[in-house]
Amino acid sequence: MKRVFSAVRPSGELQLGNYLGAIKQWVEMQDEYDCIFAIADYHAITTEYDPKTFQQKVKDHMLFYLASGIDPQKCTLFIQSQNSNHTELAWILDTITTVSELQRMTQFKDKSQKEKVISAGLFNYPVLMAADILIYQTDVVPVGEDQKQHVEIAADIAKRFNHRYGEVFKIPEVKLVKETARIMSLTDPTKKMSKTGEDRSRINLSDADDVIMKKIMSAVTDSGKEIEYVEDKPAISNLLRIYSAYSGEPIEQIVAKFEGKGYADFKNSLAEVIIKKIGPIREKKIELEKDEELYKKTIFEGLEKAEIISRETLEKAKKAAGLI
Ligand code: TYM
């Protein structure tokens, strides 16, 4: 069985882009692949965060995985910082990664412009991510578009290590779903929807139905009145992709359905389609919160499995590099 690894950074609120770009793929893959999904808390602390509410954020993210349909009986679920094998491997990988290749990372360039102080952790972020992936001998990494470059550098690092010290790592491949790999902001279709953007620019998985309706109804649109899937209508095209991903209808069919109708009709219907899918996830998550043991049990059992697999690769890598 091929292995899948992916993770979400528990910064801000889980939003619709995370779900459509990543988590939805994970749910669909869990029957066919040996899936390992983590909460990347060590990645989240590379930018400003609140330590007081952080544990709650980590837990909320994991419960949203479960509420979205990730089955802990089928998948290995754990919290990244609880498995120290990742950071140990990251150090070794740091020594074969160059400063110039990390300087080329788009996400680093973007984020370092926004942060007041740029930490070394933010700079080394892709190396820890490479360790996350490589330590499980991962075949496939299902992510959104913004993480593609990080999976590619992980593959480069793996090849370099294997070349220098002997075959240790599998070379991972990225998996994107074309239509939903880059969901754009509701307030600015030139920017991607992000957990840390202003609240009205995104739909959070925790948003109440009326909030979803309000955010969609006030989402920016393009000039004109037609519902069209064309390049010079980036806002409507983004909404059409979201509509299609949630309803399962092909985009052309949705366009045909709204021919001659205005933006308000379309948006109203889109909000209903989203609410129909997000509502039950939100409610399920609230229900799962009541089960005190579920979270602890899930991450404890997941960690046990993750540690065994990752320990084996770490030892191989240390041996190959002459460290043991
Ligand atoms: P993060 O937390 O920023 O995002 C989690 C996942 O959601 C996808 N995503 C999107 N997809 C489509 N449209 C959007 N607007 C959108 N915004 C986010 C991301 O591409 C990602 O798949 N560094 C990673 C977490 C990580 C990881 C890993 C991922 C840590 N280790 C190993 C894969 C493998 C991150 O910060 O993702």
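The model shown is predicted, which means the values in this text are computed figures rather than measured ones.

Undergrad: So what's going on with the packing of helix H1 (residues 16–29) against helix H10 (residues 234–247)? Which residues, and what values?
TA: Where H1 contacts H10, the two axes come as close as 12 Å, and the packing angle between them is 50°. As summarised for this structure, H1 and H10 are arranged oblique, according to the angle between their axes. Between H1 and H10 lies a crossing of left-handed hand. For the pair H1 and H10, contact is made by Leu16, Tyr19, Leu20 and Lys24 and by Ile242, Ala245 and Tyr246, respectively. Of the residues in the contact of H1 with H10, the class split is 6 nonpolar, no polar and 1 charged.

Undergrad: Could you give me a rundown of the nonpolar core, with the residues and numbers involved?
TA: Of all hydrophobic cores here, the largest spans 59 residues; its most connected members are Leu16, Phe37, Tyr65, Ile242, Tyr246, Phe266 and Ile274. Element by element, the count of residues in this core is highest for helix H12 (residues 263–289), at 10 residues. Of the domains in this structure, domain 1 (3–182 + 292–320) and domain 2 (207–287) are the two that each give at least three residues to this core. Excluding its chain neighbours within four sequence positions, the residues that come into contact with tyrosine 65 are Ala7, Val8, Ile23, Trp26, Phe37, Ala38, Ile39, Ile70 and Leu77. Residues Phe78, Leu89, Phe123 and Val143 belong to the second largest nonpolar core, which totals 38 residues.

Undergrad: Can you explain the domain arrangement of the protein chain? Please cite residues and give values.
TA: When the parts of a complex come together, some accessible area is lost, and that lost area is often used as the size of the interface. Split by domain assignment, the protein chain resolves into domain 1 (3–182 + 292–320) and domain 2 (207–287). Here the C-alpha centroids of domain 1 and domain 2 sit 30 Å apart. Taken together, the 12 residues of domain 1 in the interface contact 11 residues of domain 2. Of the roughly 1,000 Å² buried where domain 1 meets domain 2, counting both sides, 75% is carbon and sulfur surface. At the boundary of domain 1 and domain 2, one finds 1 salt bridge. For the salt bridge of aspartate 60 with lysine 285, the shortest nitrogen-to-oxygen distance reads 3.0 Å. One can count 1 residue pair in polar contact (both at pLDDT 80 or more) joining domain 1 with domain 2.

Undergrad: I'd like to hear about the site of the ligand, residue by residue, with values.
TA: Taken together, 27 residues sit near the ligand, with Arg9, Tyr125, Asp132, Asp146 and Lys195 positioned nearest. Interatomic distance of 3.5 Å between a side-chain N/O atom of glutamine 15 and a nitrogen atom of the ligand. Taking tyrosine 125, its side chain carries an N or O atom lying 2.6 Å from an oxygen atom of the ligand. Across the complex, the protein chains shield 99% of the 710 Å² of accessible surface that the ligand would expose by itself. For the shell around the ligand, the elements supplying multiple residues, two or more each, are strand E1 (3–8), H1 and helix H7 (120–134). Here the residues of the shell around the ligand are counted per class, giving 13 nonpolar, 9 polar and 5 charged.

Undergrad: Describe unusual backbone geometry, naming the residues involved and giving the relevant values.
TA: A positive phi angle is found at glutamine 137, which is not glycine, with a value near 50°. Assignment of secondary structure puts glutamine 137 in the loop between H7 and strand E4 (140–142). You can call glutamine 137 buried: its relative accessible area is 17%.

Undergrad: Please provide a residue-by-residue account of the pattern of salt bridges, values included.
TA: One pass over the full model with this rule turns up 23 salt bridges. Glutamate 289 serves as the salt-bridge partner of lysine 285, at 2.5 Å between the closest nitrogen and oxygen. Of the two residues, lysine 285 and glutamate 289 are both situated in helix H12; the distance of 4 residues between them amounts to about one turn of the helix. One salt bridge in this structure joins lysine 296 and glutamate 293, with 3.9 Å as the shortest N-O distance. Here glutamate 293 and lysine 296 lie together in helix H13 (residues 292–320), a separation of 3 residues that amounts to about one turn. In this structure lysine 296 comes out as partly exposed when scored by relative accessible area, which is 48%.

Undergrad: Give a description of the packing of aromatic side chains that names residues and reports values.
TA: Going through the model one piece at a time under the given rule, you end up with 12 aromatic pairs. Judged by centre distance (5.7 Å) and plane angle (15°), the ring pair of tyrosine 243 and phenylalanine 266 falls under stacked. Of the two residues, tyrosine 243 is situated in helix H10 and phenylalanine 266 in helix H12; the sequence distance between them amounts to 23 residues. Like phenylalanine 266, tyrosine 243 is buried. With 5.3 Å between their ring centres and 80° between their planes, phenylalanine 258 and phenylalanine 266 make a pair best called edge-to-face. In terms of burial, phenylalanine 258 and phenylalanine 266 fall into one category: buried. Taken together, the ring pairs connect Phe5, Phe78 and Tyr136 into an aromatic cluster.

Undergrad: How would you summarise H7 if you had to cite specific residues and measurements?
TA: Between the first and last C-alpha of H7 there are 21 Å, a value that for 15 residues agrees with the 21 Å anticipated at 1.5 Å per step. Burial within H7 is extensive, with 12 of its 15 residues counted as buried. For H7, every residue scored as buried is listed here: Leu122, Phe123, Tyr125, Pro126, Val127, Leu128, Met129, Ala130, Ala131, Asp132, Ile133 and Leu134.

Calculation rules
- Residues numbered from 1 in each chain as written.
- Predicted model: local features only at pLDDT ≥ 70, side-chain atom pairs only at ≥ 80, totals over all residues.
- Heavy atoms only, no water.
- Axes fitted to C-alpha atoms, helices over the stretch in contact; angles between N-to-C directions.
- Helix = DSSP H or I, 4+ residues; strand = E, 2+ residues; numbered from the N terminus.
- Parallel < 35°, antiparallel > 145°, perpendicular 65-115°, else oblique.
- Left-handed = near helix turned anticlockwise from the far one by under 90°.
- Contact = heavy atoms within 4.5 Å.
- Nonpolar A, V, L, I, M, F, W, Y, C, P; charged D, E, K, R; others polar.
- Core = buried A, V, L, I, M, F, W, Y, C linked by side-chain atoms within 4.5 Å.
- Buried < 20%, exposed > 50% of the residue type's maximum accessible area, 1.4 Å probe, protein only.
- Domains from an automatic or database assignment.
- Buried area = accessible area lost by both parts, 1.4 Å probe.
- Salt bridge = Lys/Arg side-chain N within 4 Å of Asp/Glu carboxyl O.
- Polar contact = N/O pair within 3.5 Å; in protein donor to acceptor, adjacent residues only side chain to side chain.
- Near = heavy atom within 4 Å.
- Areas by Shrake-Rupley, 256 points an atom, 1.4 Å probe, with all protein chains shown as cover.
- Phe/Tyr/Trp six-rings, centres within 6.5 Å; stacked < 30°, edge-to-face > 60°.
- Expected span 1.5 Å × (residues − 1).

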